[in-house]
Amino acid sequence: MAATRKKYSSNTLKDVYYDIILQRIIRDEYKSGDIITEKSLVDEFAVSKSPIREALISLCNEKLLKSIPRFGYEVTAISDKTVSEMLDYRVVLECGYLDRNWNAITEDRIAQLEKLVYKDYSKPEQREALEHWEKNCTFHLMLFSFSDSAFSYQQLAAVMRALGIAYVRSYWKTLHLTRVQSGANYHKQLINYLTEGNRQAAVECLQKDIVEFFTPGN
């Protein structure tokens with residue numbers, strides 16, 4: 001059914017159709033390898049090409065779509081093998097940096113992590129899976145930022161963004177849900193170990209959080 005016309009600004013319309021296409025990718029309505037055309041979306045929503053094209057370009061920039069000139073946009077796939085390799089990369093990078101830069105974890109920095117976690121997760125609650133992933137990213141990237149490695153930080157951020165969509169799609173395929181229950185238990189445990197100065201337990205907790213967070217239902 002075509003979307004009802006409203007007086008949106010061009011940027012707002014772009015965001016509207018970005019969200020619609022993203023949700024279709026997440027819910028596997030657009031499967032990996034499917035071709036999306038600008039014309040089909042313009043016809044479906046009865047809008048001009050501009051906001052549709054902007055939305056598609058944004059999704060290409062995030063590697064969710066691949067532009068095929070004069071043909072359309074292919075929905076990209078992240079294989080299980082690639083997901084596994086990215087998780088291994090995160091374990092090596094994040095756990096290795098935490099261990100090597102242990103002395104950079106000061107009381108003030110622990111307080112920053114604590115404020116973040118207890119502000120966002122004062123109690124377990126239902127969240128959209130993508131929002132849940134983004135809050136998880138914020139925690140991990142803040143912790144990693146204490147190592148003061150701008151290059152590695154950028155690499156980690158890119159990997160986590162790619163993993164995010166794979167995570168939400170996996171959650172949908174496995175449980176047919178897009179909302180998850182979370183209380184950030186591993187993050188809270190990790191903060192406790194950091195506070196206690198328990199280096200080994202902190203590194204082990206971080207590793208479990210990276211690997212087990214990605215498993216739908218956990």
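Refer to the structure printed above.
Keep in mind that what you see is a predicted model, and the values were worked out from it rather than measured.

Student: Can you walk me through helix α6 (residues 129-145) in this structure?
Tutor: In an α-helix, one full turn covers 3.6 residues, which means residues spaced three or four apart are oriented alike. Look at α6: 24 Å from first C-alpha to last across 17 residues, which is about the 24 Å you get at 1.5 Å a residue. Residues Ala129, Leu130, His132, Trp133, Asn136, Cys137, Phe139, His140, Leu141, Leu143 and Phe144 constitute the buried set of α6.

Student: Please explain the pattern of salt bridges as it appears in this structure.
Tutor: Overall, the coordinates contain nine salt bridges when judged by the stated rule. For Lys31, the salt bridge goes to Asp28, with nearest N and O atoms at 3.2 Å. For Glu85, the salt bridge goes to Lys81, with nearest N and O atoms at 2.4 Å. Of this pair, Glu85 and Lys81 both sit in helix α4 (residues 80-100), four residues apart, which is roughly one turn of that helix.

Student: Whenever I open this one, the pairing of strand β3 (residues 72-75) confuses me. Can you help?
Tutor: Look at any regular strand and the pattern is simple: side chains alternate between the two faces of the sheet. For strand β1 (residues 35-36) and β3, the ladder comprises two bridges, and the chain directions are antiparallel. Paired with Ile36 across the two strands is Tyr73, which belongs to β3. Alignment of strand β2 (residues 65-68) against β3, held across four bridges, turns out to be antiparallel. Pairing of Leu65 across the sheet is with Val75, part of β3. As consecutive antiparallel partners, β2 and β3 are separated by three residues, and within that stretch Arg70 has a phi angle of approximately 60 degrees, a positive value.

Student: Which parts of the structure should I look at to understand the nonpolar core?
Tutor: Nonpolar side chains in soluble globular proteins tend to end up buried together. Membership of the largest hydrophobic core comes to 63 residues, with the highest contact counts inside it found for Ile21, Leu65, Leu98, Leu143 and Leu194. For Ile21, the residues in contact, after removing those within four places along its chain, are Tyr30, Ile36, Leu41, Ala55, Leu56 and Leu59.

Student: Quick question: what am I supposed to make of the packing of aromatic side chains here?
Tutor: With the rule as written, the count across this model stands at two aromatic pairs. Ring geometry for Tyr17 against Phe45: centres 4.9 Å apart, planes inclined by 40 degrees, an arrangement best described as tilted. You can see Tyr17 sitting in helix α1 (residues 10-26) and its partner Phe45 sitting in helix α2 (residues 38-45), a full 28 residues away along the chain. Accessibility classification places Tyr17 together with Phe45 in one group, the buried group.

Student: Can you walk me through the environment of Leu143 in this structure?
Tutor: With respect to the helices, strands and loops of the structure, Leu143 is situated in helix α6. Considered as a pair, Leu143 and Leu98 are 45 residues apart in the sequence and their alpha carbons are 8.2 Å apart. Apart from residues no more than four positions distant in its own chain, Leu143 is found in contact with Leu98, Ile105, Leu113, Leu190, Leu194 and Leu206.

Definitions and limits used
- Residues numbered from 1 in each chain as written.
- Predicted model: local features only at pLDDT ≥ 70, side-chain atom pairs only at ≥ 80, totals over all residues.
- Heavy atoms only, no water.
- Helix = DSSP H or I, 4+ residues; strand = E, 2+ residues; numbered from the N terminus.
- Expected span 1.5 Å × (residues − 1).
- Buried < 20%, exposed > 50% of the residue type's maximum accessible area, 1.4 Å probe, protein only.
- Salt bridge = Lys/Arg side-chain N within 4 Å of Asp/Glu carboxyl O.
- Pairing = 2+ DSSP bridges.
- Core = buried A, V, L, I, M, F, W, Y, C linked by side-chain atoms within 4.5 Å.
- Contact = heavy atoms within 4.5 Å.
- Phe/Tyr/Trp six-rings, centres within 6.5 Å; stacked < 30°, edge-to-face > 60°.

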